[in-house]
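Observations on the three-dimensional arrangement
Single-letter residue listing:
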Amino acid sequence: MHLLLNKMAIEIVDPAADITLLQWLRESQHLTATKEGCAVGDCGACTVIVGELEHGEAVYRSVNACIALLASLHGCHVITLDVLQDSNLHPVQRAMVECHSSQCGFCSPGFVMSLVVWWLNTPANQLTTPEAFAQHRHGVELALSGNLCRCTGYLPILLAADRLAPMDRTMDPLFNQMGGYDHCLAHLKSIASQSHARDTRTQAYMAPSSLEELALAYEAFPKTRLVAGSTDLALGITHGLQSIERLIDVTGVKELQSIEQRDHHIYIGAGVRLSEVETFCQALLPAMSDLLGRFASRQVRNRATLVGNIANSSPIADIPPLLLVMGAKLILQCGLNQRTISLSEFNLGYKKTALKIGEFIHSVVLPLPLSRQQVSVEKVSKRAEDDISATCVAMSITLTHGAIAQINIACGGMAAIPKMANETQSQLLGQPLTQELVAQVPLWLARDYQPIDDMRASAAYRQQVTANLIQGFLKEAMR
Amino acid sequence: MRKLPDIKHQNATNITHPNTSVMGKPTPHESARLHLTGKALYIDDIAAPEGCLHAYVGMANVACGLLKRQDLMAVTAADGVVDVITAKDIPGHVDIGPVFKGDPLLVEEQINYFGQPLFAVAATSRDAARRAALLGQADIEQTPPLLTLEQAQAAEKQVRPSHSLVKGDSALALSESINTLSIEQHVGGQEHFYLEGQVALAIPQDNGGVLVHSSSQHPSEVQKLVAEVLALPMHKVVVDMRRMGGGFGGKETQAAQWACLAALLAVRNQKAVKLRLARSDDMALTGKRHPFVNQAQVGFDSEGKITALNADLHGLCGCSADLSDAIVDRAMFHTDNAYYLPAATITGHRWFQNTASNTAYRGFGGPQGMMLAEQMLDDIARRLGKDPLVIRQANLYGSDQRNITPYHQTVKGVDLTRIIDELVHSSDYWARREAIKKDNQASIKNGGRYIKGLALTPVKFGISFTAMFLNQAGALVHIYTDGTVQVSHGGTEMGQGLYTKIAQIVASELGLPLEHIEVTSTRTDKVPNTSPTAASSGTDLNGQAARNAALAIKQRLIDHIVDTHQVDAENVVFEDGHVSWPNHSISFAQLTQEAYMARISMSATGYYRTPKIHYDREQAKGNPFFYYSCGASVSEVKVDTFTGTYTIPRVDILHDVGESINPAIDLGQVEGGFIQGMGWLTTEELVWGQDGRLQTNGGASYKIPAVGDTPKQFNVALLQDSKNHEATIFHSKAVGEPPFMHGISVWSALRDAVWAAGGEQVNPQLDAPATPERVLWALKAANSIKPNIVVEAS
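This one's a predicted model, so the numbers in the text were calculated from it and none came from an experiment. (Residues numbered from 1 in each chain as written. Chains lettered and ligands numbered in written order. Predicted model: local features only at pLDDT ≥ 70, side-chain atom pairs only at ≥ 80, totals over all residues.)

**A short note on the overall build of chain B**
The test is simple: Numbered from the N terminus, helices here are DSSP runs of H or I no shorter than four residues, and strands are runs of E no shorter than two. It is over C-alpha atoms that the radius of gyration is taken, and the globule rule equals 2.2 Å times the number of residues to the power 0.38. With C-beta atoms placed from the backbone, a residue is labelled by how many other C-beta atoms lie within 10 Å of its own: buried for 20 or more, exposed for 12 or fewer, partly exposed between the two. For the purpose of contact definition, each residue receives a C-beta atom placed from its backbone, and two residues are in contact when these atoms lie within 7 Å.
Helix and strand counts for chain B come out as 20 helices and 29 strands. Relative to the compact-globule value of 28 Å for 794 residues, chain B shows a C-alpha radius of gyration of 28 Å, a close match. Taken over 794 residues, chain B has a buried fraction of 63%. Of all intrachain contacts in chain B linking residues separated by at least 6 positions in sequence, the fraction that spans at least 24 positions is 80%.

Take a look at the structure:
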C-alpha cells in the first residue's frame, strides 16, 4: 500500500490487518506528537487529518488514529501535528497560544488537528450577528465533539476558534509546510493510482475496488469480517487484544460510494460515511442530520458508515430506529445476486442478522417523508455529545382530519435489537388523536419493550422517558 | 571554565527589554508552544533506550478472596516474555501504602479489589506484555465483597477510626432550636480521567540504582517507595518528572505502583522498562474521589440562621487507608463551607469497600463536605419560603463575630459578603430570578417541556496541608555566566501553570525577562524530600522557596557590587535585564561574569515552611489553615421535563486569587475547575457491578464534560484589588482546588428547577451525580413529570 505521510510518500508492503494508524505512527515512525489517551476513539488526543481524493480534489477530515487501521489508508494523505512546526505557528496554534487554550497539553495536539481541519473546511464568518455567532459556535462544537479536555473547561479553546472564525483561509500554512496544496494533490493522485497490494492473493487487508471484486473476495473468504470505518471493530484490537488476520474493506468499492436521491428515496451505498449522510440529509431529512450531530463524534462520523451502523447489529445503534420508522429497505448481495429486504426483518436478535454466509449489505433505500408526515428523533443520554443512548426514539405520524392515518415508532436501547413499537402503533393507528388516547401510551409501550438496567440507565427510566417522548410527540402533533 | 561566554549582544544598549516586569502578567503557559506543536514530551514520548522492555500486570478476576496459588507457566511461555514476577520476587517492602499499610505492590494473599495486580510481566513489546498478562491462572478462595456503606457498617469495617469536630453542645442546641430538618445525601465519587494515563519508565544505572521517569505528583514518595521495594538506599534512586498530562490528585499516590514495578523489573533485567496502563485498566485499578453518604440534623431560627448541626460524614474509602484519614478530615473541615455554625458536632467515618483504594482528587474531601452545607442552606430556605440566596447571606461568617469554625480557627480575610454582592450585581441575579419564576409559571401553566433553575453558591476553602509537616518546600537556583538562570523546585507541573508562575517569580526578583529563566524537570537529585504537588499549595510553597533561593544569590551579587563599587545596597536595582546603581548600569550577564571572576557562588537552595499553622487533632482544635481561598458562582440550568436532561445556558463566577501572579493561568484554573466540578455532580457516574467490577471503565460509559457542555454564556472574573492579608508569595492565593466547588451551583440550580417544576411544594431529594435519570425521578417525586396532558383547566 501507499500513503502520503505529511510530505513523505511511503510504501508499506502488505501491512498486517490489525495495526492501527496510531501504533504505526508512534512505534514505527517515532512520531510522538499524536497522543494515545484512550485507544478506543473516545478522547480525540490521537486526532490526525486524513485527506482522500474525491472528484479530483483532496478532501481533508479529522480522524481518530487510534481506531483507524493503517492498511485502510491506502492512497490517503495522513497529516500529523509533526508537520506544523513553523516557528511562526499555524494560525490555529497561534490563536490557541494567545487564548491560553492548553494546560496539561496532552489533548492539545488533537484539538489543533480538529481545529485546523475545521478552519480549512469552514468559510470565514465575521460573527457580526448573534445568529452568525451561534452558527459558528455550533459548527465548532460539532468539529470538537470528539476531543476531550480535562483541564481547561473548553472556554479558552472556544475563544481561540472565535478568533479564527473571521480570518482569511486562502494561503493555508498547513500546505505551505508540505510544498503547497497542488503539490500534495499531485502526490496523492500518483500514489492513489498505484494498487493497494503487490499480490492480492496473499493480502491480509483486502481492499476491493469494484463490486465484483468484493463479491468474489467475500465468496472466497466468507468468514472474514467486512470492515468500513473500523470505529467499532478496532476496539476489539486495542481494547480486546484480538488478533485479526484478514479483513475485507468495503469503502474502496466504487459502486458502494454513492449517496443519491431518486424517486423520493435516498440511496446510500455501504461505503458512504456518516459525515456525508449528515451533509446530504440536511435539507431532505433534517431529523437524520440532527441525529447524526449527536452520533458519536466528528472523527468517528468521518470514518464510520451508515451501513456499518446497521450491519454491526447493536441494540444501541442510533440510526436504525429512524430508518425503521421511515420504512427503509436493505439491498443485500451474495456473489452477484441481490435481494431486497425490509430493515425490520434484518435484525433477528442480539448481534444476529438475516445475512446469509457470504452475503453483505450493498446499500440502504431510505424513503423520504411524505407531505404532512411529521418525523422526529429524540436521543437521550447522560451527555449530549458523543454518548451512547439510554433510549433513542424515532417517530413519524400523519394525521387526517384529526385521526392517525399513519404512525411509526421505533426505539434503540429498549430491546436486544432496535425495534418497532408494534403494539403501541397498532393501538394508535386509525384512532382520533385525543388526550385520552395519548394517556394510554405507557401501557401499550410496556408490552412493546422490556428494557434492561445497565450503567447507562435503569429499565424504569428507559421506559418512562420513552413514554414521555412519544406522548410529547403526539401532543405536539395535536397542536 | 577557562573562557567566558560571549555576551556582547546583551550589553548593547538598544537590546533592552522595554518591560520585563513579568509579575501579574497573563503570560502564556511556559510549554504552550510545545503543547501546540506536539513537541512537549510526556513519558511515553521519551525515546526509550535500546532494548527497552514493556511491563504489564496480571489482574485478579474477583473483588475479594484469598490467593492460594498461581500458575504462570503460560505467561512465561508467551511470545516475547522476558520476566514474570510475583510478590515473592520483591526484594524489599511489598507494601507501598503512603501513610498506613494496606497497599501491596502485588497481592501476597488477600485480594481486596477486582483487578488487583497479582503478578507483573516484562516483554519485548507492550502488546506482548498485555497479552501475556491475560494468561495467568490463579487459584482463589473467593469471599463475598463488601461494596456498599450498609455492608461495611454491618461488618463494622473501617480503614481508620472515626473522628469528630466538636464545638459547643450541638445536641442541646438542636433540642432548643425552633426549626429542625434532617438530611441524607449521597454524593458520588469521580474518576480523574487525566488524559495521560499512568505511566513510568525505569532505566537501570551503573551504580546499581535506577532512574525513574514517573508521571507522578509526588516524586519524592516514588523515590522512597522504589528504594524500599528494591531494598536500596534512597540515594541510588532518582525520580524525574517534567510534565504530566493531567493529575488532579490521581497521581499523588496512585503513580507509585507502576513506577515501583517498572523499577523492579528494570533492575532485575538490567534493561529499561516502561509500564503504561491501558485506559480501561487505569480506570479499574486506580482509586477515585471518595463517594460520601452525608447525614445531618440541622437546627435554625425563624430567620433561617443555623443554630446547630449534627453531621455524620461517611466516606467510602475503598480497600485501604491511602490518604483517607486526611481526606475525610478535610470533608469535615468544609462541612461549614462559608457558614457560621454556633454549635456543631461533625463526625467523619472511613468505611472499607472492596474497590480500588479511593484517593486524592481536587478538593480532597472538601467538596463532599461542602455539598452537605449547600443542601442544608437550600433546604432551610425552602422550609421558610425564602430565596436561598438570602438564607446563604444571613449565614455567612462574620468578620468580628460569628467567626469561629467547628475546629476553633478564627476566620480571617474572608470577604464573601463583598464577593457575593459583586456577583449578584454582575450576574443580575434578582432580575433573572424574577424572569425565571415567570417563565417557569408560564411553562407549568401551558404544559411546557422545559423548566429553569438558578442558584448562587459560595466557596470558602482552607489552604494548607492538614498534615503539618508537608507544608514545606525546597528549590535550587543556578545562575550561569551568560546571565541565564535554571530553577528547580519540588513542585510538579501537571498543566496548572506552576512552572510558569515559578519562572515569573524568579524573573521578577532578578529583573530578568522570562526567556532567561528555565524551570527544569522536577528531580529528586535536585531538590530532596519534597511534598506532593497537592492541596493547591504548589505555588505558595515552591514559589516562596524559589524566591528565597533567587534572593540568596541576588544578595551575594548586591554584596559584590557594594564591595567593588562602594554603593549602598538599597541603591542597586535589578530590572529589564540590567543591574543599575547611581550612574552605572551593566547587563545582568556582565554582572554574572564579574561575580564569577570574583569567585562568588551563583547557586543557592531556597527553603520555605508555612508559618502560623498548628493543629491538635486529638483535641480537634487549632489553625490548620494559613488562610482561605474564596469565590462564588451563579448557575442557570434549563431542564427537559420529558427526559431529565438539561443544559446550562449561563454561569457567572467571581473568584478571589489575591494578587494574581498570572491572571490568565488563574482564570484557566477557575474555568477548568468549575467544569470538572460540574461534571462530578452531573454526568460523571461510576457504576460497579455486584461482583465489584467497575462497569464504567472507559470514555464510552464514563462521561466527563465535552465541549458542548461549556455554558453558552460563561462569565468568569477574578476579584480585583484583593491582596492576601497573609504574606503569601506576592500576596496571591492558591487556586488549584477551590474553583472546583463552584460546580455545586449547577447541582443546586438543578434542585431549584425541580422545586419550581413541582410548584414549590416538594423539596427535592437529588443525589449526586444528578444524572438525567436522577433529575427525572426527582421531577416525578415532585409530581411534575411532563407531559402532564391528562387534565387541562377548561
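Further notes follow.
**Section: the overall build of chain A**
Within chain A, the regular secondary structure consists of 18 helices and 19 strands. Rg of the C-alpha trace for chain A: 23 Å, near the compact-globule value of 23 Å for 479 residues, within the 12% margin. Residues classed as buried in chain A amount to 57% of the 479 residues present. By sequence separation, contacts in chain A at least 24 residues apart represent 69% of the contacts at least 6 residues apart.

**Things to note about the interface of chain A and chain B**
Rule in force here: Under the convention adopted here, Pro, Cys and the residues Ala, Val, Leu, Ile, Met, Phe, Trp and Tyr are nonpolar, Asp, Glu, Lys and Arg are charged, and Gly plus all remaining residues are polar.
Opposite the 64 residues of chain A that make contact, chain B presents 65 residues. Top contributing element to the side of chain A that touches chain B by residue count: helix H18 (residues 459–478) of chain A, with eight residues. Looking at the side of chain A that touches chain B residue by residue, the class counts come to 33 nonpolar, 20 polar and eleven charged.

**Some words on the confidence of the model for chain B**
Residues and elements named next belong to chain B. Selection criterion: Known as pLDDT, the predictor's per-residue confidence is scaled from 0 to 100.
Mean pLDDT for chain B: 96, with 97% of residues reaching 70 or above. The low-confidence segment residues 13–18 (pLDDT under 50) makes eight contacts with residues lying over four places distant or belonging to another chain. Contacts from residues 787–794, a stretch scored under 50 in pLDDT, to residues over four places away or in other chains number 15 contacts.

**Observations concerning helix H8 (residues 211–220) of chain A**
Helical periodicity: at 3.6 residues per turn, an α-helix aligns residues three or four positions apart in one direction. This is how it is decided: Here, the arc refers to the directions that run from the helix axis to the C-beta atoms.
Residues Leu214(A), Ala215(A), Ala217(A) and Tyr218(A) constitute the buried set of H8(A). Along the long axis of H8(A), the arc covered by the buried residues comes to 165°, so they all point the same way.

**Observations concerning the pairing of strand S17 (residues 391–400) of chain A**
Residue and element names in this part refer to chain A. Put simply, the rule is: Only strands joined by at least two bridges in the DSSP assignment are considered to pair.
Among the ten residues in S17, seven count as buried, and that is most of the element. With eight bridges joining them, strand S16 (residues 373–380) and S17 adopt antiparallel strand pairing. Paired with Val-375 across the bridge in S17 is Ser-396. Bridging between S17 and strand S18 (residues 403–412) involves nine bridges; their strand directions are antiparallel. Looking at S18, one finds that Val-393 is bridged to Cys-411. Two successive antiparallel strands, S17 and S18, enclose a turn made up of two residues, where His-401 displays a positive phi of approximately 50°.

**Some details on the nonpolar core**
Threshold: Here, a nonpolar core denotes buried Ala, Val, Leu, Ile, Met, Phe, Trp, Tyr and Cys residues that are linked to one another through C-beta atoms within 7 Å.
If you look at the biggest cluster of nonpolar residues, it comprises 373 residues, and the most contacted ones within it are Ala55(B), Val121(B), Val226(B), Ala262(B), Ala263(B) and Leu750(B). Within the second largest apolar cluster, 40 residues are counted, among which are Leu512(B), Phe588(B), Ala589(B) and Leu591(B).

**Some points on the domain arrangement of chain A**
All names here are of chain A. Defined as follows: Just so you know, the domain bounds were taken from an automatic or database domain assignment.
Domain annotation for chain A reports domain 1 (2–83 + 177–249), domain 2 (91–175) and domain 3 (258–478). For domain 1 and domain 2, the distance between their C-alpha centres works out to 26 Å. Within the residue set of the side of domain 1 that touches domain 2, elements represented by two or more residues are strand S3 (47–54), strand S4 (57–64) and helix H7 (181–192). For the side of domain 1 that touches domain 2, the element with the most residues is S4, which contributes four residues. In terms of residue class, the side of domain 1 that touches domain 2 is made up of eleven nonpolar, eight polar and two charged.

**Notes on the domain arrangement of chain B**
All names here are of chain B. With domains assigned, chain B is organised as domain 1 (8–40 + 472–609) and domain 2 (410–469 + 622–794). Between the C-alpha centres of domain 1 and domain 2 the distance comes to 39 Å. Facing the 23 residues of domain 1 at the interface are 21 residues of domain 2. Only helix H15 (498–510) and helix H16 (538–565) provide two or more residues apiece to the side of domain 1 that touches domain 2. A total of six residues in the side of domain 1 that touches domain 2 trace back to one element, the largest contributor, which is H16. Here the side of domain 1 that touches domain 2 is built from residues that sort into four nonpolar, 15 polar and four charged.

**Observations regarding the sheet that holds S18(A)**
All names here are of chain A. Convention followed: Throughout, an axis means a line fitted to C-alpha atoms (over the contacting stretch in the case of helices), and angles, computed between N-to-C directions, take values from 0 to 180 degrees.
Taken in spatial order, the four strands line up as S16-S17-S18-S19 in an open sheet, and their pairing is antiparallel. Since the sheet does not close on itself, it has two edges, and those belong to S16 and strand S19 (419–420), each with one partner. Packed on one face of the sheet, H18 meets S16, S17 and S18 and runs near 25° to S17.

**Considering the packing of helix H10 (residues 324–333) of chain B against helix H11 (residues 366–384) of chain B**
Residues and elements named next belong to chain B. Filter applied, for reference: Any angle that falls under 35 degrees is termed roughly parallel, while one over 145 is termed roughly antiparallel, one within 65 to 115 roughly perpendicular, and all others oblique. Left-handed is the label given to a crossing in which the near helix is rotated counterclockwise from the far helix by less than a right angle, and right-handed is the label when the rotation is clockwise.
Remark: H10 packs on H11, axes separated minimally by 7 Å, with the N-to-C direction vectors making an angle of 30°. Considering their axes alone, H10 and H11 lie roughly parallel with respect to each other. Here the hand of the crossing between H10 and H11 comes out right-handed. Listed contacts from H11 to Arg-330, Ala-331, Met-332 and Phe-333 of H10 are Gly-366, Gln-368 and Gly-369. Considering only residue class, the contact of H10 with H11 consists of three nonpolar, three polar and one charged.

**Regarding the sheet that holds strand S11 (residues 237–241) of chain B**
All names here are of chain B. Across the sheet, eight strands lie side by side as S3-S5-S1-S12-S9-S10-S11-S20; this open sheet has mixed pairing. Unpaired on one side and paired on the other, strand S3 (81–85) and strand S20 (522–523) mark the two borders of the sheet. Contacts from helix H4 (residues 126–133) reach strand S1 (53–59), S3, strand S5 (117–123) and strand S12 (273–276) within the one sheet, and its direction differs from that of S1 by about 20°. Helix-sheet contacts for helix H8 (residues 256–269) involve S1, S3, S5, strand S9 (199–204), strand S10 (210–214) and S12, and the interaxial angle to S9 is about 25°.

**Some points on the pairing of S10(B)**
All names here are of chain B. Among the five residues in S10, four count as buried, and that is most of the element. Summarising the sheet, S9 and S10 pair through five bridges and their orientation is antiparallel. Opposite Leu-201, over in S10, you have His-213 as the bridge partner. Counted along the chain from S9 to the antiparallel partner S10, the turn is five residues long, and its residue Gly-208 has a positive phi close to 85°.

**Description of the environment of Val328(B)**
Along the chain, Val328(B) turns up in helix H10. Not counting residues up to four positions away in its chain, the partners in contact with Val328(B) are Leu313(B), Gly315(B), Gly348(B), Arg350(B) and Gly365(B).

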